[in-house]
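Chain and residue survey
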Amino acid sequence: MATARRVVPNRGSRPTPRPPEGTPPPSELARQARSGLAGAVQIARWAASRHAVPGVLPAEAVAEAATALGVPPERIQADWDRARLVGLIELHGGIARPGWRLRAWDRDDSAVLRGWVALLDAWSLDRPAPVTAEPTAVAEVVEALPQLLSLLQLSAGPVQVATLLDMLQQRVAELRTERCEVPYGPVAAPGPDDTPPAGTPDAADSLDHSLETLLDWALDALASVGALVVLDGSLADGPQPDGPQEAAEAAREAVEGARETAEEAAREAVLTALGNWAVWVKLEQICVAAQSPAGNIEQPAADMLRGCAGLTPGPARAEYRAWLAARPVGSAVTELIEAARGDDALLRGLAFEALRVVGAPAEPTVRAVVDESALRPYALLWLAEHEGVDPEDALDVLTREEATWLWVDTAAAISDHGESPLLVRHLESAVQGTVPALLEEVRAVGHPRTVQVLVALAAAHPDPALAKAVRRAAFQVHTGGA
C-alpha cells in the first residue's frame, strides 16, 4: 500500500493583496512594518531565549528585560503587549512561547504585513482610552473609526481634523439612532427649577467635547502604530515621514503642538504608506465579501461548507475568505468548529480547510478541541501545519490509532459525497501495509461509521476476494464478533 496521504483539496499559499497604485511594493512596506515593530520583536526574542516566561510579565521580569535590552521598563511593558497583539508571542497555559510569526519574521514579508495589520485592528488595545472616558462613547468611536479611515484613504491626502470630527459626530449619532436611544415612558415637562444656570454647557456641548477628546486619542493611537500622521500648520507643507517610527514620533509632536495652538482648522491627518495600504486591504475584503463567488456569504457555516463541497480548491478558498470577511473572526471560528462537530464527515474536513484560511487567529480555539475524539486528528494536523510542518509530513504527528480514525472518517465523507473509484483509491492512503492489517485496526478504532464505510468499500472494490474480506469485517463489527 502507498505511503499515507490524506485525501483533501490541495491548498496554495494565501495571496498577499497587491498594494494600490503609487504605494511602495510589499517588500518596502514590510521593511517599514519591521522598523515600527522592532521593539516588539526584540522583547519576543528575549522571551524565546528564556524558559517559562509568564504571559503577564512580573516586575522582576520587566527589570531583567530592561537591563538585558537597554530599554526603559515602561517601554518593555508596551513592547510586550504589542508583541502579543501582533502574534509574535502566544500564550499556552499562561506561559509565553514564540509564535509562528516570530519564526517567519525575517523571511516572510506577508507574515510581517499581516502581523502589522493585526496590530492596526487592535489599536484601541495598544493605546487604551482615557480612564475618564465613558465606555459607551469609547465603543462608538472604535466602531466609527473605519469610516474615518476610509475617508482618509479615498481623499489621497491630508484631511482636516475638524472634518474628521464632524464625520465622527454624524456616525455616532447614526449608531445611537440605530440603537433607538430614546426615552421611554412619560416625560415630565421642565419646570422653572430645571433651567440650567447661564453658561452651563448642555448635553450636546458635553458630547462634542467628549468625542473631540476621544478623536485625539484615536488619532494618537493610530499614529503610534504608524498608520497615520497628524500635522499642524507648521508641518503641513514640509516633508512627510514615511517610516512607522518616524511617523509615530512626528505624530505625537504634531498632536502636542496642535493642542497648544488655537487654530484647530490647521490640524490635518494623513495616512502613511502602510496605513494607506492597510485600509485598501480592508476595503478589498469588503468587496470580496460583497461578491461571494457561490452566494453563500449569508449562510450558516454548515450550509456554506455544503455549498463549497462541489467547488475546486481555488473557488472554495475564495468562498471561505468571503464568508469570513463578513463576520467577526471569533464568532466565525466558533461556528466552523460547531459545524465540524456534526455528523457529516465531509463538513468536518471542509471546516478545518476553512480554518486554514483563518490562520493564526483560529489557533487558540483549535488547540482547545484537541481532546475531542472526533476533532483531535484534524486539530493536530491543523496545528502541525500552522507551526510550519510540511503538509505531506504532518501525518507523523498522529498516532497509529488517530491516523486510522481519520482514514475511516475521510472514507465516510467519500462514501456520502464522492464516487466509488475515489473510495477505492482512498484504500491506498491508509498507513497500514496490508489490507488485513487495515481491517483489523479499523475494527478496533471504534469509529461510529465503520460498518457503513466497510460495506461501501466492499461494494466498490473490483477485487472479489478483497471485497469478500471487507464484507466479513463489516459483519464482524456489526455483530461484535471476533
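Higher on the page you've got the structure.
This section reports on the structure supplied with the text. From a predicted model like this one, the values you see are computed outputs, not experimental measurements. (Residues numbered from 1 in each chain as written. Predicted model: local features only at pLDDT ≥ 70, side-chain atom pairs only at ≥ 80, totals over all residues. Heavy atoms only, no water.)

Some thoughts on unusual backbone geometry
For alanine 156, which is not glycine, the phi torsion reads 55° and is therefore positive. Its location among the elements puts alanine 156 in the loop between α8 (135–155) and β4 (159–160). (Helix = DSSP H or I, 4+ residues; strand = E, 2+ residues; numbered from the N terminus.)

Some remarks on the environment of serine 49
Among the structural elements, serine 49 can be located in the loop between α2 (38–48) and β1 (53–54). A relative accessible area of 46% places serine 49 in the partly exposed class. As for serine 49 and proline 98, which are separated by 49 residues in sequence, their C-alpha atoms are 9.4 Å apart. (Buried < 20%, exposed > 50% of the residue type's maximum accessible area, 1.4 Å probe, protein only.)

Notes on the pairing of strand β5 (residues 228–231)
What you see with β5 is no split at all: Leu228 and Val230 on one side and Val229 and Leu231 on the other are buried throughout. Of the pairings in the sheet, the one linking β5 to strand β6 (residues 268–271) comprises four bridges and is antiparallel in character. Across the sheet, residue leucine 228 finds its bridge partner in β6, namely leucine 271. (Pairing = 2+ DSSP bridges.)

Re the sheet that holds β1
Strand order in this open sheet of three strands is β1-β3-β2, and the pairing throughout is antiparallel. The open sheet has two free edges, formed respectively by β1 and β2 (89–92), since each of these has just one partner strand. As defined by bridge partners, β1 adjoins strand β3 (residues 95–98) across two bridges and the pair is classed as antiparallel. Opposite proline 54, over in β3, you have isoleucine 95 as the bridge partner.

As for a negative patch on the surface
There is a patch of like negative charges on the surface, built from Asp390, Glu392, Asp393 and Asp396. By the element assignment, aspartate 390 lies in the loop between α19 (376–386) and α20 (400–417). According to the relative accessible area criterion, aspartate 390 is partly exposed, its value standing at 42%. (Patch = residues over 30% accessible without salt bridge, like charges linked within 9 Å, V, L, I, M, F, W, Y side chains within 5 Å. Areas by Shrake-Rupley, 256 points an atom, 1.4 Å probe, with all protein chains shown as cover. Salt bridge = Lys/Arg side-chain N within 4 Å of Asp/Glu carboxyl O. Lys, Arg positive; Asp, Glu negative; His and termini not counted. Charge placed at Lys NZ, Arg CZ, Asp CG, Glu CD.)

A closer look at the nonpolar core
Residues Ile76, Leu88, Trp116 and Leu228 are the most contacted members of the largest nonpolar core, which totals 69 residues. Looking at which element gives the most residues to this core, the answer is helix α10 (residues 203–224), with nine residues. Here tryptophan 116 is in contact with Ala33, Leu37, Val225, Gly226, Ala227, Leu274, Gly275 and Ala278, once residues within four sequence places are set aside. Leu324, Leu336, Ile337 and Ala413 belong to the second largest nonpolar core, which has 64 residues in total. (Core = buried A, V, L, I, M, F, W, Y, C linked by side-chain atoms within 4.5 Å. Contact = heavy atoms within 4.5 Å.)

Side note on helix α4 (residues 73–86)
For α4, spanning 14 residues, the distance from its first C-alpha to its last is 20 Å, which sits close to the expected 20 Å at 1.5 Å a residue. Within α4, burial applies to Ile76, Asp79, Trp80, Arg82, Ala83 and Val86. Buried residues in α4, looked at end-on, bunch into an arc of 170°, giving them a common side. Glycine 87 lies just past α4 and shows a positive phi near 100°. (Expected span 1.5 Å × (residues − 1). Arc of directions from axis to C-beta.)

Examining the sheet that holds β6
The strand order across the open sheet built from three strands is β4-β6-β5, with neighbouring strands paired in antiparallel fashion. The outermost strands of the open sheet, each flanked by one partner alone, are β4 and β5. In the packing of α8 onto the sheet, the strands contacted are β4, β5 and β6, and the crossing angle to β6 comes to about 75°. (Axes fitted to C-alpha atoms, helices over the stretch in contact; angles between N-to-C directions.)

Some points on helix α24 (residues 464–479)
Along its 16 residues, α24 runs 22 Å from first to last C-alpha, staying within 8% of the 22 Å computed at 1.5 Å per residue. Buried within α24 we find Leu466, Ala467, Val470, Ala473, Ala474 and Gln476. Close packing links the buried residues of α24 with α21 (420–427), α22 (435–445) and α23 (450–460). The N-cap of α24, judged by a side-chain oxygen 3.0 Å from the amide nitrogen of alanine 465 a few residues on, is aspartate 463. (Polar contact = N/O pair within 3.5 Å; in protein donor to acceptor, adjacent residues only side chain to side chain.)

Details of the pairing of β6
Residues Glu268 and Val270 of β6 are buried on one face, and the alternating residues Ala269 and Leu271, pointing to the opposite face, are buried as well. Of the strand pairs in this sheet, β4 and β6 are connected by two bridges, and their pairing is antiparallel. Counterpart to valine 159 in the pairing with β6 is alanine 269.

Quick notes on the side chain of serine 224
In this structure, serine 224 sits in helix α10. Residue serine 224 is classed as buried on the basis of its relative accessible area, which comes to 11%. Within polar-contact distance, the side chain of serine 224 engages the side chain of arginine 82 at 3.3 Å. Here the side chain of serine 224 touches arginine 127 through a polar contact of 3.0 Å, side chain to side chain.

Overview of the packing of aromatic side chains
One pass over the full model with this rule turns up two aromatic pairs. Where tryptophan 123 meets tryptophan 217, the ring centres are 4.9 Å apart and the plane angle is 45°; that geometry is what we call tilted. Placement of the pair is tryptophan 123 in helix α7 (residues 123–126) and tryptophan 217 in helix α10, with a sequence separation of 94 residues. Accessibility classification places tryptophan 123 together with tryptophan 217 in one group, the buried group. Pairing phenylalanine 352 with tyrosine 378 gives two aromatic rings, centres 5.6 Å apart and planes at 25°, and the pair type is stacked. Taken together, the positions of phenylalanine 352 in helix α17 (residues 345–358) and tyrosine 378 in helix α19 put the pair 26 residues apart, joining distant regions of the chain. The residues phenylalanine 352 and tyrosine 378 share a single accessibility class, namely buried. (Phe/Tyr/Trp six-rings, centres within 6.5 Å; stacked < 30°, edge-to-face > 60°.)

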